[in-house]
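Commentary on secondary and tertiary structure
If you want the building blocks of each chain, they are given just below.
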Amino acid sequence: METKSNTKILIVEDDELNIRMVSSFLRDKYDIDAARSGEEALKKAIDNKYDIFLMDIGLKKEMNGLEVTNRLRKMSEYKNVPIIALTAYALSGDRERILNAGCSHYLSKPFSKNQLLNLLEKIVNNIKKMDK
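Not measured: the values here are computed from a predicted model.

Those residues of helix α2 (residues 38–47) that fall on the buried side of the exposure criterion are Gly 38, Ala 41, Leu 42, Lys 44 and Ala 45. For α2, the buried positions fall inside an angular range of 165° around the axis, keeping them on one side. Residues Lys 43, Ile 46 and Asp 47 are exposed on α2 and point more than 90 degrees away from its buried face. Check the buried side of α2 and you find it contacts β1 (8–12), β2 (31–35), β3 (52–56) and α3 (65–73).

Attention shifts here to the packing of helix α1 (residues 16–26) against helix α5 (residues 113–131). Packing of α1 against α5 brings their axes to within 10 Å, and their N-to-C directions diverge by 60°. With respect to α5, the axis of α1 lies oblique. For the pair α1 and α5, the crossing hand works out as right-handed. Residues Val 22, Phe 25 and Leu 26 of α1 form the contact with α5, whose own contacting residues are Lys 113, Leu 116, Leu 117 and Leu 120. Broken down by class, the residue content of the contact of α1 with α5 amounts to six nonpolar, no polar and one charged.

Let us now look at the side chain of Arg 73. Checked against the element boundaries, Arg 73 lands in helix α3. An unpaired buried charge is present at Arg 73: no salt bridge exists, and Glu 77, the closest side chain of opposite charge, is 11 Å distant. Of the polar contacts made by the side chain of Arg 73, one reaches the backbone oxygen of Tyr 78; its length is 2.8 Å. Those residues in contact with Arg 73 that sit more than four places away from it in its chain are Tyr 78, Lys 79, Asn 80, Val 81, Ile 83, Gly 102, Cys 103 and Ser 104.

Rules used in this analysis
- Residues numbered from 1 in each chain as written.
- Predicted model: local features only at pLDDT ≥ 70, side-chain atom pairs only at ≥ 80, totals over all residues.
- Heavy atoms only, no water.
- Buried < 20%, exposed > 50% of the residue type's maximum accessible area, 1.4 Å probe, protein only.
- Helix = DSSP H or I, 4+ residues; strand = E, 2+ residues; numbered from the N terminus.
- Arc of directions from axis to C-beta.
- Contact = heavy atoms within 4.5 Å.
- Axes fitted to C-alpha atoms, helices over the stretch in contact; angles between N-to-C directions.
- Parallel < 35°, antiparallel > 145°, perpendicular 65-115°, else oblique.
- Left-handed = near helix turned anticlockwise from the far one by under 90°.
- Nonpolar A, V, L, I, M, F, W, Y, C, P; charged D, E, K, R; others polar.
- Lys, Arg positive; Asp, Glu negative; His and termini not counted.
- Salt bridge = Lys/Arg side-chain N within 4 Å of Asp/Glu carboxyl O.
- Polar contact = N/O pair within 3.5 Å; in protein donor to acceptor, adjacent residues only side chain to side chain.

Below, the structure is given as structure tokens:
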């Protein structure tokens, strides 16, 4: 049996079904938390220490995922933390626009469990290398 990583991930997503789906993919491997709005994500980011953010770009409340990303990047402790855009924006140019706006990685919806787990594994391995 694989041991659970102590990597702490915040899912920023306003769709409850998507939160449940992503959580079910990850809960056996990672320490998962969820925020249902940008405001909640920023508050949790201040109150906790996350290693990775999974960011829905199309948040429908007070700010979108790129605005949340921008604010996180202004906090010294999150300047270089991986932020994975999980988004339905998949038109030509969207990926570049999202990465240029501060997200470190991009995964378009719908994505598979394996796509997400493989990306997270690469990121976690990179974090471990940098910590050594």
